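# Structure at a glance
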Amino acid sequence: MIANRRGGPQDVPFMRSMLTHAYNWHVKLFDTDVPIGRYVDGWGRPGDTVLIAMDGGHRVGAAWIRLFRENAPGYGFVDEYTPELTVAVVPSRQGEGIGQELVRGVLERAQVDAYRAVSVSVEKNHPEIAVYEEQGFEPVGETDNAVVMRRVLP
């Protein structure tokens, strides 16, 4: 049974390993203006929040939000007050709904933390766009390869 737990600095190595699954398409397309380490380096800044999906004592996925500055944005940067969402599930466990549960949990946490919105960058034409739309995300911008989506929180 999958259980989500709050993560912390001890989970940064796992999060770092998950970055290749979350942003590999940017790197493959040489869309490297944003170093993917930016998503975990110096973890523990104000606003950093992570949920870890656990199954039998093993980490099988992670979802986190992080605020970025305009001079050092993430791929889904909207503004300095909107945290960007990163979600990744280990390849052998994808398609089981783990990522969707993680997203729901992180959105709940963001709402408790009084954020007004959360953003995410999704590869154009990727089926995940529909999953984010089901979660209330709407497109707010795009690049050659990605759609930036935002979910306004109540």
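Bear in mind that the values here come from a model prediction, so they are computed numbers and not experimental data.

The next point concerns the pairing of strand β6 (residues 138-142). Taken across its five residues, β6 has zero buried, putting it largely on the surface. Across four bridges, β6 lies against strand β7 (residues 146-152) in antiparallel orientation. Residue pairing for β7: E138 is matched across the bridge by R150. Connecting β6 to the next strand, β7, in antiparallel fashion are three residues.

Residues W64, L85, V118, Y132, F137 and M149 are the most contacted members of the largest nonpolar core, which totals 43 residues. At the level of elements, α1 (12-28), β2 (49-55), β3 (58-66), β4 (84-89), α2 (98-112), β5 (117-123), α3 (128-134) and β7 are the ones that each hand at least two residues to this core. Top element by residues in this core is α1. It accounts for seven residues. Excluding its chain neighbours within four sequence positions, the residues that come into contact with M149 are V118, S119, V120, V122, I129, Y132, E133, F137, E138, P139 and V140.

Moving on, we come to the pattern of salt bridges. For the coordinates displayed, the defined rule picks out nine salt bridges. Note that D41 is salt-bridged to R16, the shortest N-O span being 2.9 Å. Residue D41 is located in the loop between α1 and β2, and its partner R16 is located in helix α1; the two are separated by 25 residues in the primary sequence. On the basis of relative accessible area, R16 is assigned to the partly exposed category, the value being 38%. Between R93 and E96 there is a salt bridge, with its nearest N and O atoms 2.9 Å apart. Salt bridges sharing common partners tie together R5, D11 and R59.

On to unusual backbone geometry, then. Phi at A114 is positive, roughly 70°, even though this residue is not glycine. Tracing the chain through its elements places A114 in the loop between α2 and β5. Judged by relative accessible area, which is 61%, A114 ranks as exposed. The phi dihedral of N125 is positive, around 65°, even though this residue is not glycine. Relative to the helices and strands, N125 resides in the loop between β5 and α3.

Counted by the stated rule, this structure contains three aromatic pairs. Here the aromatic rings of Y39 and Y75 are separated by 6.3 Å at their centres, their planes lie at 15°, and the arrangement is stacked. With Y39 in the loop between α1 and β2 and Y75 in the loop between β3 and β4, this pair connects stretches of sequence that are 36 residues apart. Geometrically, the ring pair formed by Y132 and F137 is edge-to-face, given 5.3 Å between the ring centres and 80° between the ring planes. There is no split in this pair, since Y132 and F137 are both buried. Members of the aromatic cluster, each reached through a chain of ring pairs, are Y39, F68 and Y75.

Reading the values: rules and limits
Residues numbered from 1 in each chain as written. Predicted model: local features only at pLDDT ≥ 70, side-chain atom pairs only at ≥ 80, totals over all residues. Heavy atoms only, no water. Buried < 20%, exposed > 50% of the residue type's maximum accessible area, 1.4 Å probe, protein only. Helix = DSSP H or I, 4+ residues; strand = E, 2+ residues; numbered from the N terminus. Pairing = 2+ DSSP bridges. Core = buried A, V, L, I, M, F, W, Y, C linked by side-chain atoms within 4.5 Å. Contact = heavy atoms within 4.5 Å. Salt bridge = Lys/Arg side-chain N within 4 Å of Asp/Glu carboxyl O. Phe/Tyr/Trp six-rings, centres within 6.5 Å; stacked < 30°, edge-to-face > 60°.

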